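Structural overview for review
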Amino acid sequence: VALAHWYERELGDPVAAEKAYERAMDANPANTQAMRTLVDLHTRRGNWLRVAACLVCASAKATENETAVNLSLEAAEIFRGRLRDVESAIEQYTRVIERVPGHPVATAALAELAWVRKDWNCALPLLENMAGSATHALDESARLWQKVAWSAQMLGDCDRARASYRRSYAALPTYLPT
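Presented here is an overview of the structure given in this document. (Residues numbered from 1 in each chain as written. Predicted model: local features only at pLDDT ≥ 70, side-chain atom pairs only at ≥ 80, totals over all residues. Heavy atoms only, no water.)

Some details on the packing of helix α7 (residues 104-116) against helix α8 (residues 120-132)
Note the threshold: Working convention: axes come from line fits to C-alpha atoms, limited for helices to the stretch in contact. Angles between N-to-C directions cover 0 to 180 degrees. Secondary structure elements are defined from DSSP: runs of H or I of at least 4 residues count as helices, runs of E of at least 2 residues count as strands, and each element is numbered from the N terminus. Should the near helix be turned anticlockwise from the far one by less than a right angle, the crossing is termed left-handed; should it be turned clockwise, right-handed. Only heavy atoms matter for contacts: two residues are in contact if any of them lie within 4.5 Å across the pair. The residue classification treats Ala, Val, Leu, Ile, Met, Phe, Trp, Tyr, Cys and Pro as nonpolar and Asp, Glu, Lys and Arg as charged. All others, Gly included, are polar.
Look at α7 against α8: their axes get within 8 Å of each other, and the N-to-C directions meet at 140°. In this structure, the crossing between α7 and α8 has a hand that is left-handed. Each of T107, A108, L110, A111, A114 and W115 in α7 lies in contact with α8, whose residues at this interface are W120, C122, A123, L126, L127, N129 and M130. Of the residues contributing to the contact of α7 with α8, the split by class is eleven nonpolar, two polar and no charged.

Take a look at the structure:
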């Protein structure tokens, strides 16, 4: 890592620095300093695909669960926002859910992506999980139960849809979906 810093700062050679950081990561995959600096280097260049690839690789090699989750979330946001690669974003959010079931950020992102894609089979359990939590304000709870109901209706589960519409009304009788 020190050699990479020297290449970058003293010689002004980002290509040699990049190779040195990659060698440092190959030698020690848990080297967060090398990974972060490599991510910063690619970020400055605007090479978002390489940034996401570094984060995915580091997440897979992370020994601590919290670190792996944070790296996967960061990669997912880059895939989703910068690269518009929904499938890769879904893969990273799913990895987060596998490590931390019910993770609020990943669950909300997956539910939103499933809703946009009209993937009702995926959206329904995620939205039910979110709506069933007691952490939402009344208008948010009503909106979530409305989405649960609509997803169930799209799947042909009328009883589940009816129950969810009632929960939406019970949460906030004045709520009207827009």
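From this point, the discussion proceeds with the structure in view.
Let's talk about the pattern of salt bridges
Using the following cut-off: The working definition used for a salt bridge is a side-chain nitrogen of Lys or Arg within 4 Å of a carboxyl oxygen of Asp or Glu. Partly exposed describes any residue whose relative accessible area lies between the buried limit of under 20% and the exposed limit of over 50%, with all areas from a 1.4 Å probe on protein chains only and scaled to the type maximum.
Following the criterion strictly, the structure yields eight salt bridges and no others. One salt bridge connects E87 with R117, and the closest N-O pair in it is separated by 3.6 Å. Linking E87 in helix α6 (residues 86-99) with R117 in the loop between α7 and α8, this pair joins segments that are 30 residues apart in sequence. Accessibility expressed as a relative area gives 41% for R117, which makes it partly exposed. Look at the salt bridges and you will find they share partners, linking E128, D157 and R160 into a network.

So, the packing of aromatic side chains
Here is the rule: Between 30 and 60 degrees the pair is tilted, below 30 it is stacked and above 60 it is edge-to-face, where a pair is any two Phe, Tyr or Trp rings, Trp via its six-membered ring, whose centres lie within 6.5 Å.
Applying the stated criterion across every chain yields a total of one aromatic pair. Judged by centre distance (5.1 Å) and plane angle (80°), the ring pair of W115 and W120 falls under edge-to-face. By relative accessible area, W115 is classed as partly exposed at 22%.

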